[in-house]
Amino acid sequence: MNGTRIGLIAIIVVALIGSGYLAYTRTRGAQAQEPDEPALHTATVTRGNIVLTAGGSGELVPARELDLSFRTGGYLAEVLVETGDGVAEGDLLASLTTDELEQALAEAELELRIAQLELAEVRDGPSEVALVAAETRLRNAQLQLTGAYNAYQETAEATEDRTVEAAKESFDWWVGYYQAQKAKYEEGKISQADHDWAMAAMIKADEAWQRAINEAHIRRIRVGETLREAQEGVAQTQADLELLRSQPLTDTLMEAEMNVDEALLAREQALGDLEAANLRAPFHGTVMGVAVEAGARVGMNTTILTLAKMEEPQLRFWLEELDMSRVAVGNQVNVIFEALPDYAFTAVVVRVDPVLVTVGGTQAVRAQARLELGDHEVPLLSGMTAEVEVIGAEARNVLLVPVEALKETPDGSFLVTLVKPDGELEECEVEVGLRDPLYAEILSGLQLGDIVVIGR
């Protein structure tokens, strides 16, 4: 009984093994006839963000910074602020000594008053006082002329009667003396030295005579000039008196009015110079530095102090030349100051310089951004350095596919291979937006959840 069961079991096992082998050989034969297709790598269309950025470095600068100086020169009387002081617009910051400026203003006001009186006198015609004054000036000029004429006559007479004649008489005497000495020398009665001395004395007498003539001539010229000036003075005062007695001429009136206008301008200039002796804050800000001390002599262009507007600081930053397409006015900038690594600031680009600059031997783009302080209540100092990240472009919550799924056509459009629900593959055109090194934004042509082939 047991032997029979064992035999049956053996027969069944052999049969199972045989049928399994047959199935295996059939399957191997089928695989040999139909080779395996390569496995497809796919990706699913998802939603996400693409942010294109560029990194650089920068420094904090005031929104406005200005070197202040006086509009006039002088000695610095006092400086009323120190570095770090906050000031309001119009606050007095420094002043010059004003003694000379006040004197100039007083003189300008006096000149204006005189010009106004002269204008009134011209418009009203000559007053009795003006006529008397003009007649007095004429009499004085005539007296000066008489004195000059008498001096001229006296000088001429003195020259003829005394100075020149005395020199002439002295010369004649020395001529006679020399001739006598010459005769004695020829007779051998005096020495050569005595003869030469007599001749030298005669020559000196001649020189003195000629000098007297020249001096007399010069005196005549001088007194002649004095006489001529006196004559011209009489003529001028006579003309002034005649003009004063006549009706005011149009030219005279215009000249008087012009003198008043010029005097008014001079007074306004003096007032302006006096006011310019006070240096006031042109805007609300912080004193960044004081350049001079009280007592120093300063000119019109001498920097007294530097004022900056720190309430709205800005960031000046630099990017590599290759990133120039990522920065434009209005772009957002993320900022981390080296001194404040735990605080994140944002800024908005307000200016991009039109030319490249050299930074560390490398061409760079320079731009400026307005810093947004937000809720940060931390001290910010001009010159603080920072690392910046400029948001060149971004797309939020958009359809994304790996860039490996895109195939660019010769005309610049893009294709993807779509895996349909039945497993069939279909090539379709898509519209692409932003791209980063890994993903591309799909504007049209695909839907969320679609499966696309990558790397094919």
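Details of the structure are given in the entry above.
Now for a look at the structure at hand. Keep in mind that what you see is a predicted model, and the values were worked out from it rather than measured.

**A closer look at the pairing of strand β19 (residues 425–435)**
Both strand β18 (residues 414–419) and β19 contribute to a ladder of six bridges, which runs antiparallel. Within the sheet, the bridge partner assigned to Leu 418 lies in β19 and is Glu 426. In this structure, the hairpin formed by β18 and β19 is closed by a connection of five residues, where Gly 423 is found at a positive phi of approximately 90°. Pairing between β19 and strand β20 (residues 439–444): three bridges, direction antiparallel.

**Quick look at the pattern of salt bridges**
Applying the stated criterion to the full structure yields 10 salt bridges. Linking Asp 172 and Lys 168 is a salt bridge whose minimum nitrogen-to-oxygen distance equals 2.8 Å. Taken together, the residues Asp 172 and Lys 168, both in helix α3 (residues 128–186) and four residues apart, mark about one turn of the helix. The partly exposed category is assigned to Asp 172, whose relative accessible area is 37%. Owing to a relative accessible area of 26%, Lys 168 belongs among the partly exposed residues under this scheme. Ionic pairing is found between Lys 189 and Glu 187, a salt bridge with its closest N-O pair at 3.0 Å. Ionic contacts of the salt-bridge type, sharing partners, join the residues Arg 351, Asp 353 and Arg 366 into one network.

**Examining unusual backbone geometry**
It is generally the case that most residues other than glycine have a negative phi and that most peptide bonds are trans. The backbone phi angle of Asn 397 is positive, close to 55°, even though this residue is not glycine. Mapped onto the secondary structure, Asn 397 falls in strand β16 (residues 385–402).

**Section: the sheet that holds strand β6 (residues 92–96)**
Across the sheet, four strands lie side by side as β7-β6-β4-β9; this open sheet has antiparallel pairing. One side of each edge strand has no neighbouring strand; the edge strands of this open sheet are β7 (278–280) and β9 (297–298). Looking at chain direction, strand β4 (residues 74–79) and β6 are connected through three bridges and run antiparallel. When the bridges of β6 are listed, Val 79 appears paired with Ala 94.

**Topic: the packing of aromatic side chains**
A full pass over the atoms with the stated rule returns seven aromatic pairs. Summarising the aromatic geometry, the rings of Trp 174 and Tyr 177 are spaced 5.5 Å apart at their centres and angled 85° between planes, so their arrangement reads as edge-to-face. Of this pair, Trp 174 and Tyr 177 both sit in helix α3, separated by three residues, roughly a single helical turn. When the ring of Phe 337 is compared with that of Phe 345, the centres are 5.4 Å apart and the planes differ by 75°; the resulting orientation is edge-to-face. Residue Phe 345 is classed as buried on the basis of its relative accessible area, which comes to 2%. Following the ring pairs from residue to residue traces out a cluster consisting of Trp 173, Trp 174, Tyr 177 and Trp 197. The ring of Trp 209 carries Lys 168 above its face, with NZ or CZ at 5.3 Å from the centroid.

**Things to note about helix α2 (residues 99–124)**
Taking 1.5 Å of rise per residue, the 26 residues of α2 would be expected to cover 38 Å, and the 38 Å separating its terminal C-alpha atoms lies within 8% of that figure. For α2, the set of buried residues is Leu 101, Leu 105, Ala 108, Leu 112, Ala 115, Leu 119 and Val 122.

**Quick notes on the environment of Leu 244**
Note that Leu 244 resides in helix α4 (residues 192–245). For the pair Leu 244 and Ala 134, spaced 110 residues apart in sequence, the C-alpha separation works out to 8.1 Å.

**Re the environment of Ala 148**
Looking at the secondary structure, you find Ala 148 in helix α3. Among the residues examined, Ala 148 registers a relative accessible area of 6% and is labelled buried. Expressed as a C-alpha distance, the spacing of Ala 148 and Gly 224, which sit 76 residues apart in the sequence, is 8.2 Å. Those residues within four positions of Ala 148 in sequence are excluded, and the remaining contacts are Thr 226, Leu 227 and Ala 230.

**Description of the sheet that holds strand β3 (residues 64–68)**
Two pairing modes exist for strands in a sheet, parallel and antiparallel, and in both the strands are linked by backbone hydrogen bonds. An order of β3-β10-β8-β5 is seen for the four strands of this open sheet, with the pairing classed as antiparallel. Each end of this open sheet is capped by a strand with a single partner; those strands are β3 and β5 (86–87). Judged from the four bridges that link them, strand β8 (residues 285–290) and strand β10 (residues 305–309) form a sheet pairing that is antiparallel. Considered in β10, the bridge of Val 287 is made with Leu 307.

**Describing the pairing of β16**
Of the strand pairs in this sheet, strand β2 (residues 46–61) and β16 are connected by 13 bridges, and their pairing is antiparallel. Each residue of the ladder has a partner; that of Gly 48, found in β16, is Val 398. Sheet topology places strand β12 (residues 332–337) next to β16; five bridges connect them, and they run antiparallel. Bridge pairing in β16 links Asn 334 to Glu 389. When β16 meets β20, the two strands line up antiparallel, connected through four bridges.

What counts as what
- Residues numbered from 1 in each chain as written.
- Predicted model: local features only at pLDDT ≥ 70, side-chain atom pairs only at ≥ 80, totals over all residues.
- Heavy atoms only, no water.
- Pairing = 2+ DSSP bridges.
- Helix = DSSP H or I, 4+ residues; strand = E, 2+ residues; numbered from the N terminus.
- Salt bridge = Lys/Arg side-chain N within 4 Å of Asp/Glu carboxyl O.
- Buried < 20%, exposed > 50% of the residue type's maximum accessible area, 1.4 Å probe, protein only.
- Phe/Tyr/Trp six-rings, centres within 6.5 Å; stacked < 30°, edge-to-face > 60°.
- Lys NZ or Arg CZ within 6 Å of the ring centre and 35° of its normal.
- Expected span 1.5 Å × (residues − 1).
- Contact = heavy atoms within 4.5 Å.

Nothing here speaks to function; it is all geometry.
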